[in-house]
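Residue-level structural notes
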Amino acid sequence: MMQNVKINSYQFLVLVILFTVGTSILIVPSALATVAKQDAWIAAIIGTVIGLSIVWLFTKIGLWFPNLTFVQMNEMLFGKWIGNILSFLFISMTLLSTAILLYYSGSFLTTHVMPNTPMGATNILMAIILVMAVRLGLETIARSAEIFIGVFFLLFIILVVFIAPEIKFENIQPVFEADINSIAESSLSLIVISSVYAVSLLMIYPAFINQPKSAKKFFLFGNLIGGLVIIILTFLCIFVLGADITARQEFPGYGLAKMINIGNFINRVEALMAALWIICLYFKMVIYFYSSVYGLAQILNLKDYRPLTYPLGMIVVVFSLVIFPNVMEQQKFDSTINIYFALTIGLLLPLLMVIVYAIRKKQLKKNLDYA
Amino acid sequence: MLKSAGILLVAAVILFIEVPSLLEKKHKKELIVFSILLAIGVGLSIAYSFGSAIPNPIDLLTFIYKPLHDAITR
């Protein structure tokens with residue numbers, strides 16, 4: 001229907017890593033430490049393990065339909081009308097997430113880097129490169145991700161090495177103080193942010209990979225690496241800042257980079273580290289925006305998705321400015337309503353797909369052979 | 001007033017970039033969808049620039065999921 005782009009498994013791995021790390025690197029340590037206190041790292045490990053099993057479910061679904069995107073799968077499984085309604089819900093989720101991430105980037109830049117700039121300006125600038133990437137297509141996104149993953153890991157290793165002298169082991173004690181309920185509760189936010197939202201990668205995963213079978217490993221592996229990055233970061237936040245300060249900060253990772261001080265010579269390098277979060281945030285945003293634009297084009301059966309990018313970019317910018325009146329509202333939404341919404345689209349819908357697939361298996365096999 | 005003029009200018013630029021190629025390829029459906037979305041985008045932006053309230057998707061979601069949240073946390 002639309003142009004035939006394929007990316008290879010390694011490029012997909014890079015996209016998965018950047019997607020998984022995405023916003024989690026900025027906000028998850030504080031979300032984890034709010035309830036689980038100094039045991040946030042346990043919650044991070046549990047969250048990653050459960051997240052992996054959810055991603056395994058996604059790969060399973062993806063391999064049933066090796067040539068279809070998520071929107072087409074919905075149409076195939078549920079029929080035209082119900083499928084399109086469900087796909088529309090999915091699109092609304094990804095578009096909303098694009099706006100929310102744009103809000104994050106704007107609020108991060110205006111609070112920490114450019115306090116006198118209005119948020120509209122930063123958001124418009126970000127939206128321009130967002131639209132640009134999506135217009136250039138998936139291959140360009142994947143190749144630029146390949147370049148930026150090097151920068152990302154370089155900065156991350158620098159962060160870890162430089163912060164290591166500040167580690168205070170007493171911050172993590174007493175271990176296992178949190179009960180199982182609070183650990184489960186706080187790991188839920190990590191599961192949702194880095195794994196349940198990975199449902200938007202199903203817009204890329206089976207359809208645009210040249211070898212979907214081997215890419216299955218890379219999907220899981222990328223999620224695992226992303227999870228490890230988050231676990232390490234949570235560890236460092238707890239070790240260096242302590243549970244209280246981690247929980248209180250909006251962007252604990254940024255607070256962590258501020259603590260870097262080597263011989264009173266290398267210090268205040270947090271602006272350099274901000275590049276780390278902007279890279280991840282940007283690629284996560286690109287994937288969300290790509291899924292929403294491409295998905296909308298597929299729902300409406302358009303021949304090209306590119307004409308939709310500019311108008312949707314405009315809509316996303318406006319929503320990113322009005323979506324949260326202040327940071328408190330955003331925290332409240334993220335820790336309550338957003339989780340239910342994401343679970344509905346990212347977990348309930350795939351499970352429904354599994355059930356329907358099990359029922360209609362024979363009939364679908366015939367359809368797939370025709371297609 | 002200046003803001004809405006700026007927004008209209010942006011919309012004009014977008015039209016200038018997209019429409020000729022769409023007309024050339026005779027993609028009618030794309031043109032319709034594009035125009036509707038652009039109209040929504042321009043409308044929302046101008047409404048925002050005048051400071052009027054824009055329907056917030058978060059409020060809708062809160063309305064839908066609030067009962068569930070209350071039932072779980074009680």
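Not measured: the values here are computed from a predicted model.

Attention now goes to the overall build of chain B. Helix and strand content of chain B: three helices and zero strands. Relative to a compact globule of 74 residues, whose C-alpha radius of gyration would be 11 Å, chain B shows 19 Å and is clearly more extended. Here the C-alpha coordinates of chain B stretch approximately 60 × 35 × 10 Å along the principal axes. Counting only residues that meet the buried cut, chain B has 16% of its 74 residues in that class.

When pLDDT is low, close inspection of the predicted coordinates is not appropriate. Residue and element names in this part refer to chain B. Taken as a whole, chain B shows an average pLDDT of 88; of its residues, 100% reach a score of 70 or greater. Mean pLDDT values over the elements of chain B span from 87, in helix α3 (residues 57–73), up to 91, in helix α2 (residues 28–49). For this predicted complex, the interface score ipTM comes out at 0.92, while the overall pTM is 0.93.

The next thing to look at is the interface of chain B and chain A. Counting residues at the interface gives 24 residues for chain B, matched by 22 residues for chain A. A per-element tally of the side of chain B that touches chain A places α2 of chain B first, with 11 residues. Residue classes in the side of chain B that touches chain A are distributed as 15 nonpolar, six polar and three charged.

Residue and element names in this part refer to chain A. Core analysis: the biggest nonpolar cluster contains 145 residues, and L15, C280, F283, V286 and V293 have the highest contact counts within it. A per-element tally of this core places helix α12 (residues 270–299) first, with 19 residues. Excluding residues that lie within four positions of it along the chain, F283 makes contacts with L15, L18, F19 and A145.

In this section: the packing of helix α5 (residues 80–113) of chain A against helix α6 (residues 119–136) of chain A. Residues and elements named next belong to chain A. Running from N to C, α5 and α6 point in directions that differ by 130 degrees, and their axes come no closer than 9 Å. In terms of orientation, α5 and α6 fall into the oblique class. In this structure, α5 crosses over α6, and the sense of that crossing is right-handed. The residues of α6 that touch α5, namely those facing L102, S105, G106, S107, L109 and T110, are M119, T122, N123, M126 and A127. Taken together, the residues of the contact of α5 with α6 sort by class into five nonpolar, six polar and no charged.

Analysis parameters
- Residues numbered from 1 in each chain as written.
- Chains lettered and ligands numbered in written order.
- Predicted model: local features only at pLDDT ≥ 70, side-chain atom pairs only at ≥ 80, totals over all residues.
- Helix = DSSP H or I, 4+ residues; strand = E, 2+ residues; numbered from the N terminus.
- Rg over C-alpha atoms; globule rule 2.2 N^0.38 Å.
- Buried ≥ 20, exposed ≤ 12 C-beta atoms within 10 Å, placed from the backbone.
- pLDDT = per-residue confidence, 0-100.
- Contact = placed C-beta atoms within 7 Å.
- Nonpolar A, V, L, I, M, F, W, Y, C, P; charged D, E, K, R; others polar.
- Core = buried A, V, L, I, M, F, W, Y, C linked by C-beta atoms within 7 Å.
- Axes fitted to C-alpha atoms, helices over the stretch in contact; angles between N-to-C directions.
- Parallel < 35°, antiparallel > 145°, perpendicular 65-115°, else oblique.
- Left-handed = near helix turned anticlockwise from the far one by under 90°.

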